[in-house]
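# Tertiary structure, described
Next come the chains, spelled out residue by residue.
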Amino acid sequence: MNHDGNCFIFSLFILACYLVTPSSSCSGLLRAWNISITNFVPDDIVVQITSTDHDLGKHTISSNGYYYWTFCEKAFGLSRFTGTFLWGSKFQTLSLADREIMKFCESDKTFDQVCFWMVNPDGFFVTGFKDPPQGWVKKKTWE
Ligand SMILES: *[C@@H]1O[C@H](CO)[C@@H](O)[C@H](O)[C@H]1NC(C)=O
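Here's a quick rundown of the structure. (Residues numbered from 1 in each chain as written. Predicted model: local features only at pLDDT ≥ 70, side-chain atom pairs only at ≥ 80, totals over all residues. Heavy atoms only, no water.)

In the vicinity of the ligand, the contacting residues are Asn34, Ser36, Tyr66, Tyr68, Thr70, Phe116 and Lys130. Between the ligand and the protein, one listed contact pairs an oxygen atom with a side-chain N or O atom of Tyr66 at 3.0 Å. Here Lys130 contributes a side-chain N or O atom positioned 3.3 Å from an oxygen atom of the ligand. In isolation the ligand offers 360 Å² of accessible surface; the protein chains occlude 56% of this area. Elements with a contribution of two residues or more to the shell around the ligand: β1 (32–39) and β4 (66–72). Per-element tally for the shell around the ligand: the top contributor is β4, with 3 residues. (Near = heavy atom within 4 Å. Polar contact = N/O pair within 3.5 Å; in protein donor to acceptor, adjacent residues only side chain to side chain. Areas by Shrake-Rupley, 256 points an atom, 1.4 Å probe, with all protein chains shown as cover. Helix = DSSP H or I, 4+ residues; strand = E, 2+ residues; numbered from the N terminus.)

Structure follows, in structure tokens:
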């Protein structure tokens, strides 16, 4: 085979890889999720995020700052992340990603689903739409 032929086959291989690999790094047709938390409290807050198979640890989010993590949807079973928040002497524990919340945030984009959490002095709000921010649903208040 001549050199051009190899080159052509190599190009096809690259193209095939590109076509079967979506923008997400998740395998198969599993979707990637990006969950972010923006702090609109006028102080630092601390959040500890855990799930049954991940411990994302404790994170301090400064006022107007944000933290995010990504994960691949599971083919079977359920991804579930819980956050425990501290703001001075106030605290709260709530589900940040579960079946109900992911259903709520889900968009018709095939890949890369997003959920945005906003934490402010009134409590915890979530939406799937950030640009422009709209449709916030309040999930809990601070204790
Ligand atoms: C996840 O969302 C955050 C907040 O919008 C963004 O800054 C970040 O780039 C996103 N990360 C990925 C890997 O999509």
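Core analysis: the biggest nonpolar cluster contains 26 residues, and Ile37, Trp69, Phe85 and Trp117 have the highest contact counts within it. Every element with two or more residues in this core is listed here: β1, β2 (45–51), β4, β5 (81–87), β6 (90–97), α2 (99–105), β7 (113–120) and β8 (123–127). With residues near it in sequence (within four places) discarded, Phe85 still touches Ile37, Ile45, Val46, Val47, Lys90, Phe91, Gln92, Leu94, Leu96, Val119, Phe124 and Trp142. (Core = buried A, V, L, I, M, F, W, Y, C linked by side-chain atoms within 4.5 Å. Buried < 20%, exposed > 50% of the residue type's maximum accessible area, 1.4 Å probe, protein only. Contact = heavy atoms within 4.5 Å.)

Next up on the list: the pattern of salt bridges. Scanning all chains against the criterion turns up 4 salt bridges. Notably, a salt bridge pairs Glu73 with Arg31, separated by 2.8 Å at the nearest N-O pair. Of this pair, Glu73 sits in the loop between β4 and β5 while Arg31 sits in the loop between α1 (3–20) and β1, and the two are 42 residues apart along the sequence. Of the two residues, Glu73 and Arg31, both sit in the buried class. Note on Arg31: relative accessible area 16%, which makes it buried. Counted as one network, the salt bridges with shared partners bring together Arg31, Glu73, Lys103 and Glu106. (Salt bridge = Lys/Arg side-chain N within 4 Å of Asp/Glu carboxyl O.)

What follows covers the sheet that holds β6. The 4 strands lie next to each other as β3-β2-β5-β6, forming an open sheet whose pairing is antiparallel. Sheet topology places β3 (55–61) and β6 at the edges, where each strand pairs with a single neighbour. Strand-to-strand twist in this sheet, taken as the mean axis angle between neighbours without regard to direction, amounts to 20°. Inspection of the sheet shows β2 paired to β5 by 6 bridges, in the antiparallel sense. In the strand pairing of β5, Ile49 is matched with Gly83. (Pairing = 2+ DSSP bridges. Axes fitted to C-alpha atoms, helices over the stretch in contact; angles between N-to-C directions.)

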